[in-house]
Amino acid sequence: MSIVKINVLTVPAEQREVLEQRFAARAGAVENSDGFEWFELLRPVEGTDQYLVYTRWRSEEDFQAWMEGPMKAAHQGGGESAPKQRPAASGSTLWSFEVVQQAAPRQP
């Protein structure tokens, strides 16, 4: 079964729009990666300043290949001459899970 990675991002209220715009601008950046299965950016509704970035992968190896390749390159920016952007999140924690059960809606 698949693995799930959830990046927990602490985002101050004044940076929420910046974070969401950055994720919108990266649309398509992970979708063509080998082993990628799903992505969701989850906005907190109440009681927390933490966003959840949910990705599902075929295997740990596929996730690590993406981390060392496309993700690493994307987070290094456009080179030395590119303007440096201040991080939108003030903290980050990565959670890892194995999918042991799953369900989908029944087809009529």
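A brief report on the enclosed structure follows. Just so it is clear, the model here is predicted, and its values are computed rather than measured. Note on numbering: residues in each chain are counted from 1, in written sequence order. Where local features are concerned, this predicted model is filtered to residues with pLDDT of at least 70; where side-chain atom pairs are given and counted, the filter is 80 or more; whole-chain, interface and lining totals use all residues. Excluded from the side-chain calculations are hydrogens and water; all other atoms, namely the structure's heavy atoms, are used.

With that settled, consider the sheet that holds strand β2 (residues 36-42). Here we have four strands laid out as an open sheet, ordered β2-β3-β1-β4, and antiparallel in their pairing. Because the sheet does not close on itself, it has two edges, and the strands there are β2 and β4 (91-98). Sheet twist, expressed as the average angle between the axes of neighbouring strands with direction ignored, equals 15 degrees. Along the sheet, helix α1 (residues 16-25) contacts β1 (3-10), β2 and β3 (50-57); its crossing angle with β3, the most-contacted strand, is approximately 20 degrees. DSSP bridges decide pairing: two strands pair if at least two such bridges lie between them. Numbered from the N terminus, helices here are DSSP runs of H or I no shorter than four residues, and strands are runs of E no shorter than two. Angles run from 0 to 180 degrees between N-to-C directions of axes, and those axes are lines fitted to C-alpha atoms, restricted for helices to the stretch in contact. A contact between two residues is defined here by any heavy atoms of the two lying within 4.5 Å.

The next point concerns the pattern of salt bridges. Between Lys or Arg on one side and Asp or Glu on the other, a salt bridge is scored when a side-chain nitrogen of the former is within 4 Å of a carboxyl oxygen of the latter. Tallying each qualifying case throughout the model produces six salt bridges. Of the charged contacts in the structure, one is a salt bridge between Asp34 and Arg58, with a shortest N-O distance of 2.9 Å. One end of the pair, Asp34, is in the loop between α1 and β2; the other, Arg58, is in the loop between β3 and α2 (60-75), with 24 residues separating them in the sequence. The buried label applies to any residue whose accessible area, calculated with a 1.4 Å probe on protein chains only, is under 20% of its type's maximum; exposed applies above 50%, and partly exposed to all values in between. Residue classification places Asp34 among the exposed residues on the basis of a relative accessible area of 56%. The class for Arg58 is partly exposed, based on a relative accessible area of 43%. Ionic pairing is found between Arg56 and Glu37, a salt bridge with its closest N-O pair at 3.0 Å. With Arg56 in strand β3 and Glu37 in strand β2, the pair connects residues that are 19 residues apart, well separated along the chain.

Between 30 and 60 degrees the pair is tilted, below 30 it is stacked and above 60 it is edge-to-face, where a pair is any two Phe, Tyr or Trp rings, Trp via its six-membered ring, whose centres lie within 6.5 Å. A full pass over the atoms with the stated rule returns five aromatic pairs. For the pair Phe23 and Phe39, a centre-to-centre distance of 6.0 Å together with 20 degrees between the ring planes defines the contact as stacked. With Phe23 in helix α1 and Phe39 in strand β2, this pair connects stretches of sequence that are 16 residues apart. Relative to Trp57, the ring of Phe36 lies with its centre 5.5 Å away and its plane at 75 degrees, an arrangement referred to as edge-to-face. One end of the pair, Phe36, is in strand β2; the other, Trp57, is in strand β3, with 21 residues separating them in the sequence. Linked through ring pairs, Phe36, Trp57, Phe63 and Trp66 together constitute an aromatic cluster.

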